[in-house]
Amino acid sequence: MKKIIITGSRGIIGKILTKGLSDEFRIYEIDIANNNHNKNYFQTDISNSKSLSSAFKKIGKSNFLIHLAASSALNAKWEYVLKNNIIGLKNVYECARKFGIKRVIFASSSHVTGGYEKNILNEKNLKLISIHDPVRPDSDYGSSKAFGEAIARQYFELYKIKSICLRIGAVLSYNNPTKDKIGINLKIWLSHKDLLQLIKKSLLSDIKFGIYYGVSNNKGRFWDISNAKKELNYQPIDNAYLS
Ligand SMILES: NC(=O)c1ccc[n+]([C@@H]2O[C@H](COP(=O)([O-])OP(=O)(O)OC[C@H]3O[C@@H](n4cnc5c(N)ncnc54)[C@H](O)[C@@H]3O)[C@@H](O)[C@H]2O)c1
């Protein structure tokens with residue numbers, strides 16, 4: 001079985017992935033949370049480069065890394081964004097370089113281009129937001145994800161570490177976009193099944209560097225996923241309006 005290191009493994013997405021990938025991959029978890037006693041679990045703060053390096057050293061050679069650990073709230077305070085999403089992310093890529101990781105999947109966010117959304121939601125003739133549009137972050141959180149995409153590209157240019165950056169929409173722990181009556185979730189929802197498909201296809205793809213939106217096949221979605229369909233063969237099946 002091939003090894004995968006997952007940072008942020010105890011969060012919403014991390015739990016879906018550790019469960020969903022465990023039949024096909026040997027998973028090593030890194031998270032700051034202290035509620036797991038699995039022998040492949042390393043309780044580590046990614047913003048501490050020494051302890052992160054020591055965790056990678058203990059894990060040993062691994063082909064894949066899925067980087068999820070971050071302050072994930074849109075309104076996260078700058079001090080946490082700086083610590084977890086900027087310094088932590090840079091430390092993770094440094095470990096990827098030092099410990100010979102071949103491919104990283106980075107959990108970016110649609111908030112890298114969230115600035116387009118206030119206009120687009122009122123428009124009748126919707127032009128889908130695409131990865132070719134300039135970044136337009138709507139928060140410190142969104143800017144930190146744009147930084148992450150830049151570091152991913154930099155580490156490919158300098159060290160040939162392959163990265164796929166997924167601008168994820170909304171993955172909900174309860175996996176039901178109608179439950180909380182937040183209308184936008186009907187458009188931006190990424191179901192657990194589609195998330196897993198996207199992650200597996202990203203892991204197995206031979207793309208060297210790419211940025212893709214991660215969203216289900218929702219009616220009214222406003223991100224362009226044509227590159228994910230073409231390059232990763234991503235075929236989303238769930239539709240929030242039918243769930
Ligand atoms: N859930 C979504 O809808 C969504 C959408 C877009 C992007 N994302 C991104 O995907 C990733 C995972 O999202 P989530 O919803 O599972 O978030 P989450 O907040 O549920 O989980 C984040 C995990 O990261 C860990 N973490 C935070 N700081 C850390 C640190 N310094 N060291 C080690 N671990 C640390 C936390 O303990 C937690 O387990 C995040 O990067 C988030 O920004 C999520």
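Residues numbered from 1 in each chain as written. Predicted model: local features only at pLDDT ≥ 70, side-chain atom pairs only at ≥ 80, totals over all residues. Heavy atoms only, no water.

Some thoughts on the overall build of the chain
Convention followed: Only DSSP runs of H or I covering at least 4 residues are called helices, and only runs of E covering at least 2 are called strands; the numbering of each starts at the N terminus. With the radius of gyration taken over C-alpha atoms, the globule rule is written as 2.2 Å times the number of residues to the power 0.38. Only protein chains enter the accessibility calculation, which uses a 1.4 Å probe; a residue is then buried when its area is under 20% of its type maximum, exposed when over 50%, and partly exposed in between. Note on contacts: a residue pair is in contact if any heavy atoms of the two residues lie within 4.5 Å.
Counting secondary structure elements, the chain contains eight helices and seven strands. The C-alpha atoms of the chain give 17 Å as radius of gyration, which agrees with the globular expectation for 243 residues (18 Å, within 12%). By its C-alpha atoms, the chain is 55 × 35 × 35 Å across when sized along the principal axes. Expressed as a percentage of its 243 residues, the buried residues of the chain come to 54%. Pairs at least 24 apart in sequence give 67% of the contacts found in the chain among residues at least 6 apart.

As for the site of the ligand
Spelled out, the test is: The cutoff for a nearby residue is simple: one of its non-hydrogen atoms must lie within 4 Å of the molecule or strand. As used in this structure description, the phrase polar contact means that two N or O atoms lie within 3.5 Å; if the pair is within protein, one of them must be able to donate a hydrogen and the other to accept it, and residues adjacent in sequence are counted only when both atoms belong to side chains. Here, Shrake-Rupley sampling with a 1.4 Å probe gives the accessible areas, and only protein chains in the shown set may cover a residue. Following the grouping adopted for this structure description, the nonpolar residues are Ala, Val, Leu, Ile, Met, Phe, Trp, Tyr, Cys and Pro, the charged ones are Asp, Glu, Lys and Arg, and the polar ones are all others, Gly among them.
Within the structure, the ligand sits among 25 residues, and Asp-31, Leu-68, Ser-72, Tyr-141 and Val-171 are positioned closest to it. One of the backbone N or O atoms of Ile-46 is found 2.9 Å from a nitrogen atom in the ligand. Within the backbone of Gly-169, one N or O atom sits 3.5 Å away from an oxygen atom of the ligand. Bound to the protein, the ligand loses 86% of the 820 Å² it would expose on its own. Sorting the residues of the shell around the ligand by element identifies α1 (12-21), α3 (78-98), β5 (103-109) and α5 (140-159) as the ones contributing at least two each. Looking at which element gives the most residues to the shell around the ligand, the answer is β5, with three residues. In terms of residue class, the shell around the ligand is built from 12 nonpolar, eight polar and five charged.

Description of the nonpolar core
Put simply, the rule reads: To form a nonpolar core, buried Ala, Val, Leu, Ile, Met, Phe, Trp, Tyr and Cys residues must be joined to one another through side-chain atoms within 4.5 Å.
Ranked by internal contacts, the top residues of the largest apolar core, which has 42 residues, are Leu-17, Leu-21, Ile-66, Ile-199 and Leu-203. Among the elements that make up this core, the one with the highest residue count is helix α7 (residues 192-204) (five residues). Here Ile-199 is in contact with Leu-17, Leu-21, Ile-66, Ile-105 and Leu-166, once residues within four sequence places are set aside. Ranked by size, the runner-up nonpolar core spans 27 residues in total, among them Ile-46, Ala-69, Leu-89 and Cys-95.

A look at unusual backbone geometry
Here the phi dihedral of Lys-160 falls at roughly 65°; this positive angle occurs in a residue that is not glycine. Summarising the element assignment, Lys-160 is placed in the loop between α5 and β6 (162-168). The exposed category is assigned to Lys-160, whose relative accessible area is 53%. Phi is positive for Asn-175, which is not a glycine, with a value near 55°.

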